[in-house]
Amino acid sequence: LLTWEDERLTQILLERLQRCQIGVNFNATVRSPDDVPCDLAVFTAGFTPNAAAPAEAGVELGRTRAIRVNDRQETNLAGLYAAGDCAEVNQLITGRPVWIPLGTTANKTGRVAGSNAAGKRARFDGVVGTSIVRVGGLAVGLTGLSESAARQEGFSPVSVRVDAPDKALYFRGRRVTVILVADRATGRLLGAAVLGDEGVVGRINTVAAALTAHMKADVFADLDLAYAPPYATVNDPLLVAARQLTKLLN
Ligand SMILES: Cc1cc2nc3c(=O)[nH]c(=O)nc-3n(C[C@H](O)[C@H](O)[C@H](O)COP(=O)(O)OP(=O)(O)OC[C@H]3O[C@@H](n4cnc5c(N)ncnc54)[C@H](O)[C@@H]3O)c2cc1C
């Protein structure tokens, strides 16, 4: 259902969608309006980089079909910069170019392109691929690589899923789910999904910072995260997940 492929994640999303009375048909092709009786159809069949016009003008595209740029947002044509949704960006975990069109990256790369075009020397190192979306009231935070994506990128990933309260139960703690992925060969964290009604954005951003710092699971497991009963648990679900991951890695 989301680009961060993981059966556990899909299952949670399906449950939430079902609760909202939204049905999901996988691997089903709609050939005519009669296939799905409905009053209104909204057709959203994915999207691609809008890079045809620059490509015709001689701007080189990358393997993702978005514009290939260096860390100064320069294209192959002198004096021509690209930023935002039309351009590729470096994936900090794999070191390979990716196309992750988000407003967060568009702002940063636009700033770098503008600075360089105006004569400064600015650089953008890349992204780990962090996003958050709301599905039927459930916050779904994603960062880095899922286990299957990590395998495709040549890592030997291991992952854990932890379900734990987001804060003390006597402060109405609610379930937060953490899926954490690490590389068996190096112990390095590779990605995470965090799902819950509350307390998701802070947790996914914490993992995003750790991924950017190439942090290993055992170091992450001892991070000095804040705790007070109205806001968190003494063993944050992130740390519990990292500890379980460390056991698997050892
Ligand atoms: C429904 C929706 C929700 C989103 N929510 C989020 C979110 O929550 N968080 C997040 O990080 N990102 C989100 N995004 C993505 C974010 O909006 C984009 O990544 C961001 O706007 C990209 O900025 P941009 O400047 O590269 O492109 P755009 O904002 O698309 O701007 C490109 C502009 O160029 C114009 N243009 C195109 N072709 C030409 C041409 N040939 N000549 C002249 N002008 C042209 C277009 O009309 C447009 O005005 C969302 C996107 C959508 C569609």
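Small disclaimer: the values here were computed from a predicted structure and weren't measured. (Residues numbered from 1 in each chain as written. Predicted model: local features only at pLDDT ≥ 70, side-chain atom pairs only at ≥ 80, totals over all residues. Heavy atoms only, no water.)

Colleague: Hey, could you run me through the site of the ligand in this one?
Modeller: All residues adjacent to the ligand are N50, G84, D85, P101, L102, G103, T104 and A106. In the model, an oxygen atom of the ligand is placed 3.0 Å from a nitrogen or oxygen of the G103 main chain. Calculation on the ligand without its partners gives an accessible area of 1,000 Å², and the protein chains cover 24% of this total. (Near = heavy atom within 4 Å. Polar contact = N/O pair within 3.5 Å; in protein donor to acceptor, adjacent residues only side chain to side chain. Areas by Shrake-Rupley, 256 points an atom, 1.4 Å probe, with all protein chains shown as cover.)

Colleague: How should the pattern of salt bridges be read in this particular structure?
Modeller: Oppositely charged side chains can form a pair if their charged atoms are brought close together. Within this structure, the stated rule accounts for 16 salt bridges. For E198, the salt bridge identified is with R174, shortest N-O distance 3.1 Å. Note that E198 is positioned in the loop between strand 7 (189–196) and helix 5 (201–212) and R174 in the loop between strand 5 (157–165) and strand 6 (175–183), a separation of 24 residues in sequence. Residue classification places E198 among the partly exposed positions, given a relative accessible area of 37%. Salt bridges here are not isolated pairs; linked through shared partners, they connect R16, D166, K167, R174, D197 and E198. (Salt bridge = Lys/Arg side-chain N within 4 Å of Asp/Glu carboxyl O. Helix = DSSP H or I, 4+ residues; strand = E, 2+ residues; numbered from the N terminus. Buried < 20%, exposed > 50% of the residue type's maximum accessible area, 1.4 Å probe, protein only.)

Colleague: Hey, could you run me through the pairing of strand 4 (residues 138–144) in this one?
Modeller: In the case of a regular strand, side chains alternate between the two sheet surfaces. Counting buried residues in strand 4 gives seven out of seven residues, a clear majority hidden from the surface. Here strand 3 (residues 131–135) pairs with strand 4 via five bridges, running antiparallel. Bridged to I132 within strand 4 is G141. What sits between strand 3 and strand 4 in their antiparallel hairpin is a turn of two residues, with G136 showing a positive phi close to 55 degrees. (Pairing = 2+ DSSP bridges.)

Colleague: Looking at this model, I keep getting lost on the side chain of D166. Mind explaining?
Modeller: For D166, the position within the fold is in the loop between strand 5 and strand 6. Polar contacts involving the side chain of D166 include one to the main-chain amide nitrogen of R174, which spans 2.7 Å. Residues contacting D166, with those up to four places away along its chain left out, are G173, R174, V176, E198, G199, R203, Y231, A232 and T233. (Contact = heavy atoms within 4.5 Å.)

Colleague: What's the story with the state of the cysteines in this structure? I'm lost.
Modeller: Counted under the stated rule, the structure contains zero disulfides. In this structure C20 is not part of a disulfide, and its nearest cysteine sulfur, from C38, lies 19 Å away. Since its relative accessible area comes to 46%, C38 is described here as partly exposed. (Disulfide = S-S within 2.5 Å.)

Colleague: Please explain the nonpolar core as it appears in this structure.
Modeller: A general feature of soluble globular proteins is that nonpolar side chains tend to end up buried together. The biggest cluster of nonpolar side chains holds 46 residues, and the ones touching the most others in it are L9, V140, L180, L189, L195, F220 and L245. Broken down by secondary-structure element, the contributors of at least two residues to this core are helix 1 (7–19), strand 4, strand 5, strand 6, strand 7, helix 5, helix 6 (217–220) and helix 7 (237–249). Filtering out sequence-adjacent residues up to four positions away, L245 remains in contact with V158, S159, V160, L180, V181, A182, L189 and A217. (Core = buried A, V, L, I, M, F, W, Y, C linked by side-chain atoms within 4.5 Å.)

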